[in-house]
Amino acid sequence: IDTVASMVVFVDGKPKKSEYRKFKVTSVDGPDDFAGMREVVLRRYRRVVEEQSSWPDLVIVDGGKGQLSSAVGVLAELGATGQPIIGLAKRLEEIFVPGEPEPLLLPKASASLQLLQRIRDEAHRFAITYHRTLRSKRTLRSELDLIEGIGETRARELLEAFGAVQGVKLA
């Protein structure tokens, strides 16, 4: 339920929050990182192709060889075979590069690795926030749906007036 993904943008090593995007994964049932990655990369970069926008200097995929190859496959379908892309695997902070059999390991104190980690952690934070928002909306909606005679508009008004489902229940 509520499988989500996020995209963050960093310019000159700093987050550019106006460019952040969040995605609700809709074509995948159950946990399938590879299919979810394909859907999100396709949705994001198909738009770049359609709008003839500029491509990023580097696409960083959260994950190892499998996630990276899913993303590379979608980029190839879109005709972006020269797009620089890497995968960053969490466990050992391995950096996977398309066509390279072995991952790149940067020293833990490397400024480059630390920047990649900050980008990945920011993407996680953004996605988790979105997931929590969706989950809480679903929970609130389902509890208020149990009250007979309350529709979506009235439920929203009640939540605004009382602040939470608990406040509505007490009232």
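All of the points below concern the structure found in this document. (Residues numbered from 1 in each chain as written. Predicted model: local features only at pLDDT ≥ 70, side-chain atom pairs only at ≥ 80, totals over all residues. Heavy atoms only, no water.)

A closer look at the packing of aromatic side chains
Both the distance between ring centres and the angle between the ring planes are used here to describe each pair of aromatic rings.
Inference 1: Under the defined criterion, the tally for this structure stands at two aromatic pairs.
Inference 2: Ring centres of Tyr45 and Trp55 lie 5.2 Å apart, and the angle between their planes is 10°; on these two criteria the pair is classed as stacked. With Tyr45 in helix 1 (residues 33-51) and Trp55 in the loop between helix 1 and strand 5 (59-62), this residue pair connects regions lying 10 residues apart in the sequence.
Inference 3: When its relative accessible area of 8% is taken as the criterion, Tyr45 is described as buried.
Inference 4: Positioned above the aromatic ring of Tyr45, the side-chain terminus of Arg44 is 5.6 Å from the ring centre. (Phe/Tyr/Trp six-rings, centres within 6.5 Å; stacked < 30°, edge-to-face > 60°. Helix = DSSP H or I, 4+ residues; strand = E, 2+ residues; numbered from the N terminus. Buried < 20%, exposed > 50% of the residue type's maximum accessible area, 1.4 Å probe, protein only. Lys NZ or Arg CZ within 6 Å of the ring centre and 35° of its normal.)

Regarding the nonpolar core
Inference 1: Among the nonpolar cores identified, the biggest contains 14 residues, and Val41, Tyr45, Val61, Ala71, Leu75 and Ile85 are the most heavily contacted of them.
Inference 2: Mapped by element, the contributors of at least two residues to this core are helix 1, strand 5, helix 2 (65-77) and strand 6 (85-89).
Inference 3: Once residues lying within four places of it in the same chain are set aside, the contact partners of Val41 are Arg46, Ala71, Val74 and Leu75.
Inference 4: Grouped together as the second largest cluster of nonpolar side chains are eight residues, Val25, Val28, Ala35 and Val40 included. (Core = buried A, V, L, I, M, F, W, Y, C linked by side-chain atoms within 4.5 Å. Contact = heavy atoms within 4.5 Å.)

Topic: the pattern of salt bridges
If the charged atoms of two oppositely charged side chains come close together, the side chains can form a pair.
Inference 1: Within the structure shown, the criterion is met by six salt bridges.
Inference 2: For Arg47, the salt bridge identified is with Glu51, shortest N-O distance 2.9 Å. Here Glu51 and Arg47 lie together in helix 1, a separation of four residues that amounts to about one turn.
Inference 3: In this structure, Arg120 and Asp121 form a salt bridge, with 3.2 Å as the shortest nitrogen-oxygen distance.
Inference 4: Look at Arg120 and you get buried, because its relative accessible area is 4%.
Inference 5: Three or more residues are tied together by salt bridges with common partners; here these are Glu93, Arg120 and Asp121. (Salt bridge = Lys/Arg side-chain N within 4 Å of Asp/Glu carboxyl O.)

Let's talk about the sheet that holds strand 6
Inference 1: Taken in spatial order, the three strands of this open sheet run 5-6-7, and their pairing is mixed. Among the strands making up the open sheet, the edge pair consists of strand 5 and strand 7 (94-96). Going across the sheet, the axis of each strand differs from the next one's by a mean of 30°, ignoring polarity.
Inference 2: Pairing between strand 6 and strand 7: three bridges, direction antiparallel. Paired with Leu88 across the strands is Ile95, a residue of strand 7.
Inference 3: Sheet contacts for helix 2: strand 5, strand 6 and strand 7; angle to strand 6, the most-contacted strand, approximately 160°. (Pairing = 2+ DSSP bridges. Axes fitted to C-alpha atoms, helices over the stretch in contact; angles between N-to-C directions.)

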